[in-house]
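Descriptive analysis of the structure
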Number of protein chains: 2
Amino acid sequence: MPDTPETPGPDEPSLDEQIAAYQREFQDLDPQVEKVVSALGRLNRRMNVAYGRQVADLDISNTEWEVLKTLVVSGAPYRLGPGELAKRLGLTPAAMTHRIDRMAGEGLVTRDRDENNRVRVIVELTDEGRTKWLEAMRMASTFEEDLLQDLAPEERVLLGEMLTRLLRRVEDAQPDAGGRLTDLD
Amino acid sequence: MPDTPETPGPDEPSLDEQIAAYQREFQDLDPQVEKVVSALGRLNRRMNVAYGRQVADLDISNTEWEVLKTLVVSGAPYRLGPGELAKRLGLTPAAMTHRIDRMAGEGLVTRDRDENNRVRVIVELTDEGRTKWLEAMRMASTFEEDLLQDLAPEERVLLGEMLTRLLRRVEDAQPDAGGRLTDLD
DNA sequence: GCTTCGAACTTTACTGTTGAAGTCTTCGGA
DNA sequence: TCCGAAGACTTCAACAGTAAAGTTCGAAGC
């Protein structure tokens, strides 16, 4: 039997137990804030595991799926350079080189020199890559619909809106020396 | 200049642009659902980068901080076996062995054989490890407070409650063959 | 009291990522 | 035109993680 990375935290303490433990050690912790943050973290871990399992059925990895998504989002003709891909995925260019190697080998993308500027490289989605993306997307959207099944339509909108507000706070914050999230506007 | 992994997605398309792109390629995508899911993903990526930068000031890595948190949550006397730690962190035991090696070398934890059952190993938080956790927690809670500054107190509670509902859906779902999230109760 | 089984790590080989150095091309002066 | 600097990858060495095999101890049968 393989040493599986094991579904994260099977008998890990519940969210409330976890927060209670933190409060015992660190009194001025705001439990409301901590609940939001901890739930976000756990939710994401679980979701990534679920996505990974699903796309594995298509013989691609979670990381390859990320690349496919990025190319699709860039729109037709589904082309980006390795550097741009790396930036958008938060990877080093070196990692991107290897990832593209693999994916080109699997026929998900092609890698070619830009004839107009021979320093540049163009990574382009193949039809197979586009098909894989579509299949993954279909599976993902089913999963996501299941995940949100307990939320009424208005709640979904509200949740999306609140998360967007948080996102705006992190994304628009200029890299402040002290690491504080500065006021916008 | 080092090849930095670069703050994820500096000029990545906005959330709405991204969703619009998906819809062009995959018509029956529910934009409300997708907005929630994409915002969750992005938020988490940004937050992890931010945490990583903050704890780096304490000379620990994000992954080491995870271990410290897990031990603190377990409560006094802050002891767990490598296997249990691995399970809670979603890692293989092998990875845990190396992580503990490193952390023991840095004085954040101790590693000892259990005298009552010499197959078992006990990882215990040191005072230094506990101090690091506390400092990291202080920085994190400031950041989290900043992050949530645009939400009114009632909104924070509501957000936490909705996220908990989603979490319940993923955590309680039995590993269903088809990957569907089954109905509970 | 052996022996076998199973549990709890550890070790080894391989894969993927980072950080730093190297290569190749383009561009902007001297 | 030629040179130097900058940009865009790629290569290389070190490190972290996974999978699978190995080790060691404890427990359960015979």
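This is a predicted model, so every value here is computed, not measured.

Basis of the calculations
- Residues numbered from 1 in each chain as written.
- Chains lettered and ligands numbered in written order.
- Predicted model: local features only at pLDDT ≥ 70, side-chain atom pairs only at ≥ 80, totals over all residues.
- Heavy atoms only, no water.
- Helix = DSSP H or I, 4+ residues; strand = E, 2+ residues; numbered from the N terminus.
- Contact = heavy atoms within 4.5 Å.
- Axes fitted to C-alpha atoms, helices over the stretch in contact; angles between N-to-C directions.
- Parallel < 35°, antiparallel > 145°, perpendicular 65-115°, else oblique.
- Left-handed = near helix turned anticlockwise from the far one by under 90°.
- Nonpolar A, V, L, I, M, F, W, Y, C, P; charged D, E, K, R; others polar.
- Least-squares fit on C-alpha atoms with pLDDT ≥ 70 in both.
- Core = buried A, V, L, I, M, F, W, Y, C linked by side-chain atoms within 4.5 Å.
- Buried < 20%, exposed > 50% of the residue type's maximum accessible area, 1.4 Å probe, protein only.
- Domains from an automatic or database assignment.
- pLDDT = per-residue confidence, 0-100.
- Buried area = accessible area lost by both parts, 1.4 Å probe.
- Salt bridge = Lys/Arg side-chain N within 4 Å of Asp/Glu carboxyl O.
- Pairing = 2+ DSSP bridges.
- Lys, Arg positive; Asp, Glu negative; His and termini not counted.

To continue, consider the overall build of chain A. Broken down by element type, chain A carries 7 helices and 3 strands. Counting helices and strands in the order they occur from the N terminus, chain A gives α-α-α-β-α-α-β-β-α-α. The contacts of chain A with a sequence gap of at least 6 include a subset with a gap of at least 24, amounting to 45%.

Before going further, it helps to examine the packing of helix H1 (residues 15-25) of chain B against helix H2 (residues 31-56) of chain B. In helix packing, the relevant descriptors are the interaxial angle and the interaxial distance, both defined with respect to the helix axes. All names here are of chain B. Running from N to C, H1 and H2 cross one another at 130°; their axes reach a closest spacing of 10 Å. With respect to each other, H1 and H2 are oriented oblique. As H1 packs across H2, the resulting crossing turns out to be right-handed. Residue-level inspection shows Leu15, Asp16, Gln18, Ile19, Tyr22 and Gln23 of H1 in contact with H2, the latter providing Pro31, Glu34, Lys35, Ser38, Ala39 and Arg42. Within the contact of H1 with H2, the residues separate by chemical class into 5 nonpolar, 3 polar and 4 charged.

In this section: the relation of the copies chain A and chain B. Turning chain A through 180° and shifting it by 0.0 Å along the axis lays it on chain B, with an RMSD of 0.1 Å. The two molecules are tied by a two-fold rotation axis, judged by turn and shift. Comparing contact sets, 100% of the residues at the interface of chain A also lie at the interface in chain B, consistent with an isologous, same-surface contact.

Once that is clear, we can look at the nonpolar core. Core analysis: the biggest nonpolar cluster contains 102 residues, and A:Leu159, A:Leu163, B:Leu43, B:Leu159 and B:Leu163 have the highest contact counts within it. A domain-level breakdown of this core finds at least three residues from each of domain 1 (15-56) and domain 2 (60-167) of chain A. In this structure B:Leu43 touches A:Leu40, A:Leu163, A:Leu166, A:Leu167, A:Val170 and B:Leu147, once residues within four positions along its chain are discounted.

Before going further, it helps to spend a moment on the confidence of the model for chain A. When pLDDT is averaged along chain A, the result is 88, and 88% of the positions lie at 70 or above. Ignoring residues within four places in sequence, the model shows residues 5-10 of chain A, a span with pLDDT below 50, making 17 contacts including any to other chains.

Our focus in this paragraph is the interface of chain A and chain B. Every contact between the two is made by 82 residues of chain A and, on the other side, 83 residues of chain B. Summed over both sides, the interface between chain A and chain B buries roughly 7900 Å², with carbon and sulfur atoms accounting for 66% of that surface. Applying the counting criterion to the chain A and chain B interface returns 10 salt bridges. Linking A:Arg165 and B:Glu155 is a salt bridge whose minimum nitrogen-to-oxygen distance equals 2.9 Å. Taken together, the elements giving at least two residues each to the side of chain A that touches chain B come down to helix H1 (15-25), helix H2 (31-56), helix H3 (62-73), helix H4 (82-89), helix H6 (127-147) and helix H7 (153-172) of chain A.

On to the sheet that holds strand S3 (residues 121-125) of chain A. All names here are of chain A. A sheet is described by the order of its strands in space; here 3 strands give the open sequence S1-S3-S2, paired in antiparallel fashion. This sheet does not close on itself; its edge strands, each paired only once, are strand S1 (79-80) and strand S2 (109-113). Pairing between S1 and S3: 2 bridges, direction antiparallel. Counted as the bridge partner of Arg79 is Glu124 from S3. Helix-sheet contacts for H3 involve S1, S2 and S3, and the interaxial angle to S3 is about 95°.

The next thing to look at is the sheet that holds strand S1 (residues 79-80) of chain B. Residue and element names in this part refer to chain B. Strand order across the open sheet formed by 3 strands is S1-S3-S2, with antiparallel pairing between neighbours. Only two strands of the sheet have a single neighbouring strand rather than two, namely S1 and strand S2 (109-113). Relative to strand S3 (residues 121-125), S2 is paired through 5 bridges, and the arrangement is antiparallel. Pairing of Thr110 across the sheet is with Glu124, part of S3. Sheet contacts for helix H5 (residues 93-105): S2 and S3; angle to S2, the most-contacted strand, approximately 120°.

Structurally, A:Thr92 can be placed in the loop between H4 and helix H5 (93-105). Residues A:Thr92 and A:Pro82, spaced 10 residues apart in sequence, show a C-alpha to C-alpha distance of 9.7 Å.

Right, let's get into the pattern of salt bridges. A side chain of one charge can pair with a side chain of the opposite charge when the charged atoms of the two come close. Tallied over the full model, the rule gives 32 salt bridges over all chains. The partner of B:Arg118 in a salt bridge is B:Glu115, and the shortest N-O contact between them spans 3.3 Å. By relative accessible area, which is 60% here, B:Glu115 ends up exposed. What emerges from the salt-bridge pattern is a single network uniting A:Arg42, A:Arg46 and B:Glu171.

So, about the side chain of A:Glu144. Mapped onto the secondary structure, A:Glu144 falls in helix H6. No salt bridge forms around the buried A:Glu144; measuring N to O, its nearest opposite-charge neighbour A:Lys69 is 6.9 Å away. Apart from the residues within four sequence positions on either side, A:Glu144 is in contact with A:Tyr51, B:Val33, B:Glu34 and B:Val37.

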